[in-house]
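Summary of the model geometry
So you can see what is in the structure, the chains are spelled out below.
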Amino acid sequence: MAALAVSLGDPAGIGPEIIAESWARRHDMALAPFFVVGGAGVLAEAAGARGLAVEIQRIEAPSQAARVFENALPVLGQEDCDAIPGNPDDQGAALAMHSLAEATRHALLGTASAVVTAPIAKAQLARVGFEYPGQTEFLADVCGLEREDAVMMLAGPSLRAVPLTVHCALADVPTRLTQSLIEHRARIVAQALARDLGITSPRLAVCGLNPHAGEGGRFGDEEARIIEPAIEALSAEGLRITGPHPADALFTPRARQTYDVALAMYHDQALVPLKALDFDEGVNVTLGLPIVRTSPDHGTAFDIAGKSLAHPGAMIAALKLAGDMATRRASHG
């Protein structure tokens, strides 16, 4: 199996140091071989500031990564920049955008078995021409998919959660939420959990939008008008799906034992419980793509970049999950 491709993320953020730390822990964590696209100097500086003995070796092709990985962190390409931790700039954003594009290209070509994306600063990338709300939307576009076909799932040891609407204002959620959107994304989630995670008959639990799941229409009619018909249609297709459940009760320890993934109506309804439960091991997975993509479920953390405070757990978890998913896809053709 080909090595994993890792995008550098914003070089002024914590991405480079947690990538270097992940490589340093490659044996203890049984990580699959990976290479980073660009930023050899940035990675060397980040490793040094963290007190890590990380050898950096540039490679000319992804096929060289597995051989190099045992003794050095492989870096593909000459692109680099002078980065100051905590101080993002346009030069660093351009490197981050290049690294993301190239890592994704290699995953599409099959010269990498998956792409693992380090955190970016969306506002900074917009300054250098990145026209997407986030990396998920970029990946959908370059894979030739509609944005509705790329589904964000947050995964940790305690919880898997999918926000059905993602990067939009909270005020826009009720108008974006439709029966067809719920049905379409629920099907993608069920198929992906079976294909990529080996959950042959996944159990889906659907959150309500309103407090108490609408309280029989007293607090809103979206449950009766949109969510319940979607659940009924999906259940008739054979999906194991329940709801709409009051969101304030769905993430308790007992409730989490009753489903494999929770479908939330908006961004924070999914991410708040995931980050509360599994912040240091949370992974952002994009379902529905022809390639495997994972990412640590946190941001650039400019405020702690370069201070040896960033925990590498989420990056290690993203690398491990990407390797597992790629292996499963390869074994099933």
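The preceding data block contains the structure.
Residues numbered from 1 in each chain as written. Predicted model: local features only at pLDDT ≥ 70, side-chain atom pairs only at ≥ 80, totals over all residues. Heavy atoms only, no water.

A few words on the packing of aromatic side chains. Evaluated as defined, the whole model comprises four aromatic pairs. For the pair Tyr132 and Phe138, a centre-to-centre distance of 5.5 Å together with 80° between the ring planes defines the contact as edge-to-face. By way of ring pairs, the aromatic residues Phe130, Tyr132 and Phe138 are connected into one cluster. The ring of Trp23 has Arg26 sitting right over it, with the charged end atom 3.6 Å from the ring centre. (Phe/Tyr/Trp six-rings, centres within 6.5 Å; stacked < 30°, edge-to-face > 60°. Lys NZ or Arg CZ within 6 Å of the ring centre and 35° of its normal.)

With that out of the way, let us pick up the packing of helix H1 (residues 15–24) against helix H2 (residues 40–49). Where H1 contacts H2, the two axes come as close as 8 Å, and the packing angle between them is 75°. Regarding the angle of H1 to H2, the classification is roughly perpendicular. From H1, Pro16, Glu17, Ile19 and Ala20 reach across to H2, where they touch Val42, Leu43, Ala46 and Ala47. Across the contact of H1 with H2, the residue classes break down as seven nonpolar, no polar and one charged. (Axes fitted to C-alpha atoms, helices over the stretch in contact; angles between N-to-C directions. Helix = DSSP H or I, 4+ residues; strand = E, 2+ residues; numbered from the N terminus. Parallel < 35°, antiparallel > 145°, perpendicular 65-115°, else oblique. Contact = heavy atoms within 4.5 Å. Nonpolar A, V, L, I, M, F, W, Y, C, P; charged D, E, K, R; others polar.)

Summed over all chains, the structure comprises 12 salt bridges. With a shortest N-O distance of 3.0 Å, Glu21 and Arg25 are connected by a salt bridge. According to the relative accessible area criterion, Glu21 is buried, its value standing at 10%. When its relative accessible area of 32% is taken as the criterion, Arg25 is described as partly exposed. A salt bridge links Glu102 to Arg105, with the shortest nitrogen-to-oxygen separation between them at 2.9 Å. Of this pair, Glu102 and Arg105 both sit in helix H4 (residues 90–109), three residues apart, which is roughly one turn of that helix. Each of Glu17, Glu21, Arg25 and Arg50 takes part in a single network of salt bridges with overlapping partners. (Salt bridge = Lys/Arg side-chain N within 4 Å of Asp/Glu carboxyl O. Buried < 20%, exposed > 50% of the residue type's maximum accessible area, 1.4 Å probe, protein only.)

Looking at where Arg185 falls in the secondary structure, it is placed in helix H8 (residues 179–197). Nearest to the buried, unbridged Arg185 among oppositely charged side chains is Glu148, at 5.7 Å. A polar atom in the side chain of Arg185 sits 2.9 Å from the backbone oxygen of Leu164. When residues no more than four places from it in sequence are discounted, the contact partners of Arg185 are Arg147, Glu148, Ala150, Val151, Pro163, Leu164 and Val166. (Lys, Arg positive; Asp, Glu negative; His and termini not counted. Polar contact = N/O pair within 3.5 Å; in protein donor to acceptor, adjacent residues only side chain to side chain.)

In terms of nonpolar packing, the biggest core is built from 68 residues, with Ile19, Phe34, Val36, Leu263 and Leu287 touching the most fellow members. For this core, the leading source of residues is helix H12 (residues 313–331), giving nine residues. Leaving out residues up to four positions away in the same chain, Val36 has contacts with Val6, Leu8, Ile19, Leu43, Leu73, Pro74, Val75 and Leu76. Within the second largest apolar cluster, 26 residues are counted, among which are Leu76, Phe130, Cys143 and Leu289. (Core = buried A, V, L, I, M, F, W, Y, C linked by side-chain atoms within 4.5 Å.)

On their own, these measurements won't tell you what the molecule is for.
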